[in-house]
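# Chain and residue survey
What follows is the residue order along each chain.
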Amino acid sequence: MSNWEHGLCDCTSDIRVCCISYLWPQLQIMQQRATVDGRQCEITDCLFTALCFPCVTCLTRSQIREKHGIEGSGVMDCLTVCYCTLCVIHQQTMQLQAKGEKPSGLFMV
């Protein structure tokens, strides 16, 4: 098992990702879901995220953690999302980028 590539409060490591994550968190989560599943973002991602943003964020965090072999649990994922949502979104984006994936879609080069 490994750890996250970036800390939960490591928001200054990439200001562009930080701004996108804080200004458009729903878009980031939609892109992260699609990236973890290895596909393009679809309308279902938009609907699912709009209807239940906290649940989708917890689910996405768990999927990223499992995919990359990161220690943790579903309960910790949900607690972290509840108390540090925007930091979680930034951390997840940085994790996916560190592994060579592009979770930010049209916002990132």
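Structure shown above.
The paragraphs below set out a description of the structure included in this document. Note that this is a predicted model, so its numbers are computed, not measured.

What follows covers the overall build of the protein. The helix and strand tally for the protein stands at 6 helices and 0 strands. The C-alpha atoms of the protein give a radius of gyration of 12 Å, which matches the 13 Å a tight globule of 109 residues would have. Its C-alpha atoms put the protein at 35 × 25 × 25 Å along the principal axes. For the protein, with 109 residues in total, the buried portion stands at 42%. Accessible surface, the protein: about 5800 Å² in total, of which carbon and sulfur atoms supply 63%.

This structure, assessed with the given rule, holds 7 salt bridges. For the salt bridge of Asp77 with Arg61, the shortest nitrogen-to-oxygen distance reads 3.7 Å. Remark: Arg61 occurs in helix H4 (residues 53-67) and Asp77 occurs in helix H5 (residues 74-83); sequence separation between them is 16 residues. Its relative accessible area of 3% is what places Asp77 among the buried residues. Owing to a relative accessible area of 5%, Arg61 belongs among the buried residues under this scheme. Salt bridges here are not isolated pairs; linked through shared partners, they connect Arg33, Asp37, Arg39 and Asp45.

Moving on, we come to the state of the cysteines. Enumeration according to the criterion identifies 0 disulfides in this entry. Lacking any disulfide linkage, Cys46 is separated from the closest cysteine sulfur, that of Cys41, by 7.5 Å.

This brings us to the packing of H4 against helix H6 (residues 85-98). Geometry of a packed helix pair, given as the angle between the helix axes and the separation of the axes. Orientation of H4 relative to H6, taken along the N-to-C sense of each, is 35°, at an axis distance of 11 Å. You can see that H4 and H6 cross each other, and the crossing is left-handed. Where H4 approaches H6, its residues Phe53, Thr57, Thr60, Arg61 and Ile64 are matched on the opposing element by Thr85, Val88, Ile89, Gln91, Gln92, Gln95 and Leu96.

Scoring rules and cut-offs
- Residues numbered from 1 in each chain as written.
- Predicted model: local features only at pLDDT ≥ 70, side-chain atom pairs only at ≥ 80, totals over all residues.
- Heavy atoms only, no water.
- Helix = DSSP H or I, 4+ residues; strand = E, 2+ residues; numbered from the N terminus.
- Rg over C-alpha atoms; globule rule 2.2 N^0.38 Å.
- Buried < 20%, exposed > 50% of the residue type's maximum accessible area, 1.4 Å probe, protein only.
- Areas by Shrake-Rupley, 256 points an atom, 1.4 Å probe, with all protein chains shown as cover.
- Salt bridge = Lys/Arg side-chain N within 4 Å of Asp/Glu carboxyl O.
- Disulfide = S-S within 2.5 Å.
- Axes fitted to C-alpha atoms, helices over the stretch in contact; angles between N-to-C directions.
- Left-handed = near helix turned anticlockwise from the far one by under 90°.
- Contact = heavy atoms within 4.5 Å.

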